Each structure stands twice: as C-alpha cells, then as structure tokens.
Amino acid sequence: QVQVVESGGGLVQPGGSLRLSCAASGSIRSINNMGWYRQAPGKQRELVARIISGGSTNYADSVKGRFTISRDNAKNTVYLQMNSLKPADTAVYYCNAQITILTGKYVAVWGQGTLVNVSS
C-alpha cells in the first residue's frame, strides 16, 4: 500500500507565491516520475510540471518561468514552487507519483488534491 499526501495550498493574491509539497509513503522500492497536475472548474485535468528520477523536468507552457518543480529523493517528496501567481492558476492541484512497490509491481498513485485560489 502506497499513498501520496499534498499540502501547501491556500488563498493568495495575484503576484504572490505558494509552495506545494507532496510526500509519498508506504511499501516503496523506488519512485520514478513525480508530477503535479491541476484541474480548474469546468476544465480537464492538465499537467503542470513533472520530474523524473534522474532530475529532468518539463513544464506546461503556461507556467514556464514562474513555477519550479524539485524533489528530495531521501524524503520521497516533490515540491512545486509557484511564483507570480495569476487568477488563471486557480485550481485543485494533484500530485501524481509513479512508484515501484516492494513486490516489484508498478503503480501510479494520485493524491487527494489541494486547492490553490489566486484572488484579490
């Protein structure tokens, strides 16, 4: 059994910053990709940023230059630093981790989501 738990969402004014965290726990052998997705009301879930085990990253065009994804492999944790936030960034942010568990099985795990509300 594995799970990921997000934290760090909240209400912020336009131009402000937030840092999201996502910690994976359970019967983990290794974590491959970790990423952040978001879903705004009435829209489909979309990729925000992703980081693979070797450290390579990719970002949605809409967040490039403003958001930074990083990970702490020792803590099985991924972070999303969000700067220069815009109202268009308002959404529920979900963490996703692709994990090899102790039995060797590969699983994709989603968190419960954390709300980011950018509003004045």
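Report on the accompanying structure. Quick caveat, the model's predicted, so the values are computed rather than measured. (Residues numbered from 1 in each chain as written. Predicted model: local features only at pLDDT ≥ 70, side-chain atom pairs only at ≥ 80, totals over all residues. Heavy atoms only, no water.)

### Comments concerning the pairing of strand β11 (residues 114–118)
Okay, step 1: Across the two faces of β11 the burial differs, with T114, V116 and V118 buried and L115 and N117 not buried at all.
Okay, step 2: Here strand β9 (residues 91–101) pairs with β11 via three bridges, running antiparallel. If you follow V92 over to β11, its bridge partner there is L115. (Buried < 20%, exposed > 50% of the residue type's maximum accessible area, 1.4 Å probe, protein only. Helix = DSSP H or I, 4+ residues; strand = E, 2+ residues; numbered from the N terminus. Pairing = 2+ DSSP bridges.)

### Considerations on the sheet that holds strand β8 (residues 77–82)
The strands making up a sheet associate through hydrogen bonds between their backbones, and the pairing can be parallel or antiparallel.
Okay, step 1: Pairing in this open sheet of four strands is antiparallel, and the strands run β1-β3-β8-β7 from one edge to the other. Two strands close off the open sheet at either side, each with one partner strand: β1 (2–7) and β7 (67–72). Across the sheet, the mean angle from the axis of one strand to that of its neighbour is 15 degrees, orientation sign disregarded.
Okay, step 2: Relative to β8, strand β3 (residues 18–26) is paired through six bridges, and the arrangement is antiparallel. (Axes fitted to C-alpha atoms, helices over the stretch in contact; angles between N-to-C directions.)

### Digging into the nonpolar core
Soluble, globular proteins show a tendency: their nonpolar side chains are buried together.
Okay, step 1: Counting 33 residues, the largest nonpolar core has W36, L80, M82, Y93 and I99 as the members making the most contacts within it.
Okay, step 2: No other element matches the six residues that β9 contributes to this core. (Core = buried A, V, L, I, M, F, W, Y, C linked by side-chain atoms within 4.5 Å.)

### Regarding the state of the cysteines
Okay, step 1: By the definition in use, this model includes one disulfide.
Okay, step 2: One disulfide bridge connects C22 with C95, the sulfur atoms lying 2.0 Å from each other. Where C22 bonds to C95 through sulfur, the torsion about that S-S bond is close to -75 degrees, and the disulfide is left-handed. Pair noted here: C22 is in strand β3 and C95 is in strand β9, with a separation of 73 residues, a long-range link. (Disulfide = S-S within 2.5 Å.)

### Brief notes about the pattern of salt bridges
Two side chains of opposite charge can pair, provided their charged atoms sit close to one another.
Okay, step 1: Using the criterion set out here, one finds four salt bridges in the structure.
Okay, step 2: Across the salt bridge formed by R38 and D89, the nearest N and O atoms sit 3.0 Å from each other. One end of the pair, R38, is in strand β4 (residues 28–39); the other, D89, is in the loop between β8 and β9, and 51 residues separate them in sequence.
Okay, step 3: Each of the salt bridges in this network shares a partner with another, and the network as a whole consists of R38, E46, R66 and D89. (Salt bridge = Lys/Arg side-chain N within 4 Å of Asp/Glu carboxyl O.)

### Some remarks on the packing of aromatic side chains
Okay, step 1: As enumerated under the stated definition, the model contains one aromatic pair in all.
Okay, step 2: Consider the rings of Y37 and W110, whose centres lie 5.0 Å apart with planes at 65 degrees: the pair is edge-to-face. Pair noted here: Y37 is in strand β4 and W110 is in strand β10 (residues 106–110), with a separation of 73 residues, a long-range link.
Okay, step 3: The aromatic ring of Y79 is capped on one face by R19, whose charged end is 4.0 Å from the ring centroid.
Okay, step 4: The positively charged end of R45 is found above the aromatic ring belonging to W110, 4.6 Å away from the centroid. (Phe/Tyr/Trp six-rings, centres within 6.5 Å; stacked < 30°, edge-to-face > 60°. Lys NZ or Arg CZ within 6 Å of the ring centre and 35° of its normal.)

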